[in-house]
Amino acid sequence: MAGLFNNLLVLFFVFQSICLGFRSPLSVFKRYKDTSRSFSSECLGSDQPVVSLGLSDFALDIRMPGVTPKQSDTYLCMSVPLPVDDEAYVVDFKPHASMDTVHHMLLFGCNEPSSTENYWDCDEGTCKDKSNILYAWARNAPPTRLPKGVGFRVGGETGGRFFVLQVHYGDISAFRDKHKDCSGVTLHLTHQKQPLIAGMYLMMSVNTVIPPGEKVVDADIACHYKRFPMHLFAYRVHTHRLGKVVSGYRVRNGQWTLIGRQSPQLPQAFYPVEHPVDVSYDDTLAARCVFSGEGRTTETHIGGTANDEMCNFYIMYYMEAKHAVSYMTCTQNANPELFRNIPQEANIPIQIMSDMLKMTHGHHEETKDSDKSSLLQQAKKEEEEILEQSNFYSLLSKLLGEREDVVHVYKHNPTEKAESDLVAEIANVVQKKDLAREITSHEERDSTNLVRDKIQSEHGEESWEKEHTGDFHIEEAVEWPGLDLKLGQISGLALDAENNLVIFHRGDHVWDENSFDNTFVYQQRGLGPIEQSTILVLHPSNAKLLHSLGKSLFYLPHGLSIDKNGNYWVTDVALHQVFKLGPDKKEPLLTLGVALQPGSDKNHFCQPTDVAVDPNTSSIYVSDGYCNSRIIQFSPNGLYVMQWGEGTETSLGRAKPGQFHIPHSLALIPDFSQLCVADRENGRIQCFRLETGEFIREIKHKSFGRELFAVSYVPGLLFAVNGMPYPGEAEPVQGFVMNFSTGEIIDTFIPLRKSFEMPHDVVASEDKTVFVGDVHARAVWKFASTEKSGTIVEGRLKNNPESTDPVKKQEKQHLVQQHTSTGISFVLITTLLIIPVVVLLAILLFIRWRKTAVYGGDGEHKLDSSSGRILGRVRGKGSGGLNLGNFFASHKSYSRKGFDRVSTEGSDQEKDEDEDTDSEEECSAPQTPPAPSSS
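The structure contained in this document is the topic of the report that follows. (Residues numbered from 1 in each chain as written. Predicted model: local features only at pLDDT ≥ 70, side-chain atom pairs only at ≥ 80, totals over all residues. Heavy atoms only, no water.)

### A look at the sheet that holds strand β27 (residues 535-538)
And step 1. Sheet architecture is open: four strands sit in the order β25-β26-β27-β28, paired in antiparallel fashion. This sheet does not close on itself; its edge strands, each paired only once, are β25 (490-495) and β28 (545-549). Averaged over neighbouring strand pairs, the angle between their axes works out to 20 degrees when direction is ignored. (Pairing = 2+ DSSP bridges. Helix = DSSP H or I, 4+ residues; strand = E, 2+ residues; numbered from the N terminus. Axes fitted to C-alpha atoms, helices over the stretch in contact; angles between N-to-C directions.)

Next comes the structure, spelled out in structure tokens:
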């Protein structure tokens, strides 16, 4: 017995030392930075270029096959075939290169590479057919991830079947040791059809000449756009050493709208477009690069070597799949007079800190040979300082994972917008990982908010103020089977008097780009009305169908509500009508509007969105709608009474009270005689007096994002759902619970099964049961209220002057010093503490199994009572016990010769929104397989 105890003790300390010996997130990030810098000298080519990431996703590694360029400014190309025949979509790019050896990389898509060799000189060309640029990298730019639902289409009938990687090796002095280079990029591809197709628009100057010593030289590019609308979501600038600033604009009716502006001396990543820009037919796209010829003794021309210059402005865009064009270029200046009115900001260089210049220019920085050794020592010291200064951002990068671009933009360009994006993304991660619900004391809550406090102390005089508390939390009722119902696009939800769930859906009809013409007249009347029952009544607990109606009545259902008498009130955006239906009637009891005729007078609607009926007066209120911006009141028998509202004047900035940009959903508050409207595209709730239409108040939070789709009321509370974030924005799609009196957010919620795609309607009951219908996911989630073990505390960012109390300053500094290592890595520390316990239990189980196999039934008597109690809890009441041999044998990493080490260095790109783990475990033990889900 003593021997067994000693063996267990030794094993425990061995595993504990292994776990604790792994590096912290900061050191892991430093190790990643070091690896990326030294990668080219080690040539760690992947033995598995294609790695499965699930049923529909896979990763494709595209690397140079160990090359050693012989002269500077060498362009080498290599190709990789798409490993599948059917259509796929590229949704993520992860570079593997360092500017110490690589000047820049371009990834092309085409059907026939210029060569079949392992690699070739790009002077032979990249592709024999038309090639499309999919990705560009330079100056140690971070990874690029596309917005959700957007992908570059490859394969199939229209996409390219080959990827061609072009690598420009600028200065070959880094190859004096004759090492081999395997720079490249890893692609994340999916077979899941993406609703929006990404493309690249390249604006490039081809004839600019920079005179020697000239202080300011402008290179201007402009083209008229003559295609279907495209939506811009990211941009990248590229010049060589002389570039000071590059700016891109959309010009429409003489108005210049900024797409992006950045210094080309910063890491040349794809930066998110700050305010998403759409480009329509006959718009003009314009770009300007500002150069300086100071320090040069000869003319500098546009060219491909490091001593030449380039002026490139890349735009990532997406288009509807039907009209998608994957690649477009602009290489001329179609209107030189246009640039007389270019905004002044395009002529102002962006100041870059000297340490950033040293870090980004690497060996391309022009230095004096006489001081090489001292400069190298200084550079090493500065690199260490940069890494030290980057500790905070490194930790944020590990925390945010896939959103490293947000951290990068904020670090090097700490504007208010970048800061708000970063704070919102941290709040998103904390909310996703359920950190707030695990915190039960004020001291721990302060630790988890340390990242937010640190942001404020690094770049401003702002602070977080704790303000909202609640005694409940909304979580998905995972046992509810209604999520698996086979439905059409779900547009409306309501609860009847018995709290049964009523669903309004579109059956086999779909609202898409072909549904209406430019005058909002429905174009698919030939399909006839929906033949399925469009109104379904379900039991709220088991989702059993109780009743159905609405066959052959509607074309494109939208809004739904139920009055106090149990009548269904619905809207149809194709018919431009509002209907009142009895629970047992096949024909409408009341119809408002003229079928299939849009209009804006008293007798017509234009795509009406929702309807609400006052239980006290039976007055009818209609939100009208997608092409009108008004609320209309009717009498109980359908006579026009009044209307209010007007369209939003987007050119004036913030929308005024009473202005709408798609009044999308209504919530009637009879207790206060108010009507609250989800003003969808203005991202807010507006509340009005029922009797007069007088504006009362606005409820708007940054976490709403740009779109707020629906609102629902129960006494004392408002429930709402927002839309997907615009490309480049961070606000997650989620549900909100708000205090009706104050408008403050009490709680937020997201589903555990599947994910919100476009939550279209929300309805709640007084017991805080919530249903959310999603028009894209075609699913209905049920959420229920649960008591919280701790209080969720939310923060509000407000501008406060920095405290002048030295004692408070010292306390805050002490708090930062004391908790920096623990506050940010709360979950990591918890995980590391749990791992040794799990490992010990696994060892005990394994020993138990071995003894049982060797000694038979008598083996149990070899263990002491305490071990028996532990094993009893693990084994439960079943007589079969847990067979670790069979369990491990079911895993690919098991070997009969011993336990293989479990890989712990997975890619961040595999950690999507559906994952629940906070971080990758550096030391792990196999866990018991989970019980089958009820879903």
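### Considering the pairing of β28
And step 1. Bridge analysis of β27 against β28 gives four bridges, and the strand direction is antiparallel. Considered in β28, the bridge of Val537 is made with His547.
And step 2. Between the end of β27 and the start of β28, which pair antiparallel, lie six residues, with Ala543 showing a positive phi angle near 65 degrees.

### Digging into the nonpolar core
And step 1. By size, the foremost hydrophobic cluster in this structure holds 89 residues, and its most contacted members are Ile62, Phe93, Phe163, Leu189, Tyr201 and Met230.
And step 2. Sort the elements by how many residues they give to this core and strand β21 (residues 312-320) lands first, with seven residues.
And step 3. Membership of the second largest hydrophobic core comes to 22 residues, among which are Val714, Phe749, Val762 and Trp781. (Core = buried A, V, L, I, M, F, W, Y, C linked by side-chain atoms within 4.5 Å. Buried < 20%, exposed > 50% of the residue type's maximum accessible area, 1.4 Å probe, protein only.)

### Examining the state of the cysteines
And step 1. This model, assessed by the stated rule, comprises six disulfides.
And step 2. Bridging Cys110 to Cys127, the disulfide has an S-S length of 2.2 Å. In this structure the cystine formed by Cys110 and Cys127 twists about its S-S bond by roughly -75 degrees; its chirality is therefore left-handed. Remark: Cys127 occurs in the loop between β6 (120-121) and β7 (132-138) and Cys110 occurs in strand β5 (residues 104-110); sequence separation between them is 17 residues. Summarising the burial analysis for this pair, Cys110 and Cys127 share the class buried. (Disulfide = S-S within 2.5 Å.)

### A short note on a negative patch on the surface
And step 1. On the surface, Glu117, Asp121, Asp123 and Glu124 cluster together into a patch of negative charge.
And step 2. Taking relative accessible area as the criterion, Asp121 reaches 32% and is therefore assigned partly exposed. (Patch = residues over 30% accessible without salt bridge, like charges linked within 9 Å, V, L, I, M, F, W, Y side chains within 5 Å. Areas by Shrake-Rupley, 256 points an atom, 1.4 Å probe, with all protein chains shown as cover. Salt bridge = Lys/Arg side-chain N within 4 Å of Asp/Glu carboxyl O. Lys, Arg positive; Asp, Glu negative; His and termini not counted. Charge placed at Lys NZ, Arg CZ, Asp CG, Glu CD.)

### Structural notes on the environment of Asp86
And step 1. One can find Asp86 in the loop between β3 (74-81) and β4 (88-96).
And step 2. For the pair Asp86 and Gly159, spaced 73 residues apart in the sequence, the C-alpha separation amounts to 9.5 Å.
And step 3. Every residue in contact with Asp86, bar those within four places of it in the chain, is listed here: Val154, Gly155, Gly156 and His191. (Contact = heavy atoms within 4.5 Å.)

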